[in-house]
Amino acid sequence: MASIASNVSSMRATPQETFESLQIVMSDEPTFQKLVDTVFGNMDANKSGTLDSKELTAFMVQVCDDMGVQDPPTPAQVHQVFKHLDLNGDNSVSRDELAVFLRHLFTEQMHQASVQIAKMEKQEKQEKAATSLSGLFKKQEKAATSLSGLFKKKK
Ligand SMILES: [Ca+2]
């Protein structure tokens, strides 16, 4: 159930993979809506068409478990998420309210993934620069050695 949401947000995927799968979902509205339907359908255990805090608790426990988080969410945390989801304050979360939340969540995750990708690219460049610099030093050492050899011969 949580598998779709956790696949998308899995910590095990590389930032590049995360970014690409989120981009696919976010760039295609029918795909996004289908995902919302699937997630909502899985969360709405009693098929009432809305989510209550019990259903949200079960969902959050599942997601935390899927993501390898040791501590299950506290009732206070669930309450906070519920309040965040329940945009019109009627004490239940509709499919459309979940859609708003997921769109926001995915946008945020795409941003985080792109920041991570940029960081990794920068690191790679720095490593390359360091490698070529040390190669340059080695060349200079060689040159210095052969020059000093030349010098010794002259003596
Ligand atoms: Ca509501």
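Residues numbered from 1 in each chain as written. Predicted model: local features only at pLDDT ≥ 70, side-chain atom pairs only at ≥ 80, totals over all residues.

A word on the UniProt feature "domain: EF-hand" (unreviewed entry) in the protein chain
Under the feature "domain: EF-hand" (unreviewed entry), the UniProt entry names residues 31-66 and 73-108. Counted over residues 31-66, helix gives 75% and strand 0%. Its end C-alpha atoms are 23 Å apart. For the annotated span residues 73-108, helix accounts for 69% and strand for 0% of the residues, and the straight-line distance between the end C-alpha atoms is 21 Å. (UniProt positions renumbered as here; feature names shortened; annotations may be inferred. Helix = DSSP H or I, 4+ residues; strand = E, 2+ residues; numbered from the N terminus.)

Here we look at the nonpolar core
If you look at the biggest cluster of nonpolar residues, it comprises 15 residues, and the most contacted ones within it are Val-36, Val-39, Phe-40, Met-43, Leu-56, Leu-98 and Leu-102. Secondary structure elements with two or more residues in this core: helix H2 (15-27), helix H3 (29-43), helix H4 (53-66) and helix H6 (95-154). (Core = buried A, V, L, I, M, F, W, Y, C linked by C-beta atoms within 7 Å. Buried ≥ 20, exposed ≤ 12 C-beta atoms within 10 Å, placed from the backbone.)

Observations regarding the environment of Lys-54
The residue Lys-54 is located in helix H4 in this model. In this structure Lys-54 comes out as exposed when scored by C-beta crowding, with 11 C-beta atoms within 10 Å. Along the backbone, Lys-54 and Glu-20 are 34 residues apart, and their C-alpha atoms lie at a distance of 33 Å.

Some points on unusual backbone geometry
With a phi close to 55°, Lys-47 is a non-glycine residue in the positive phi region. Relative to the elements of secondary structure, Lys-47 occurs in the loop between H3 and H4. Even without a glycine there, the phi angle at Asn-91 is positive, about 70°. Among the residues examined, Asn-91 registers 11 C-beta atoms within 10 Å and is labelled exposed.

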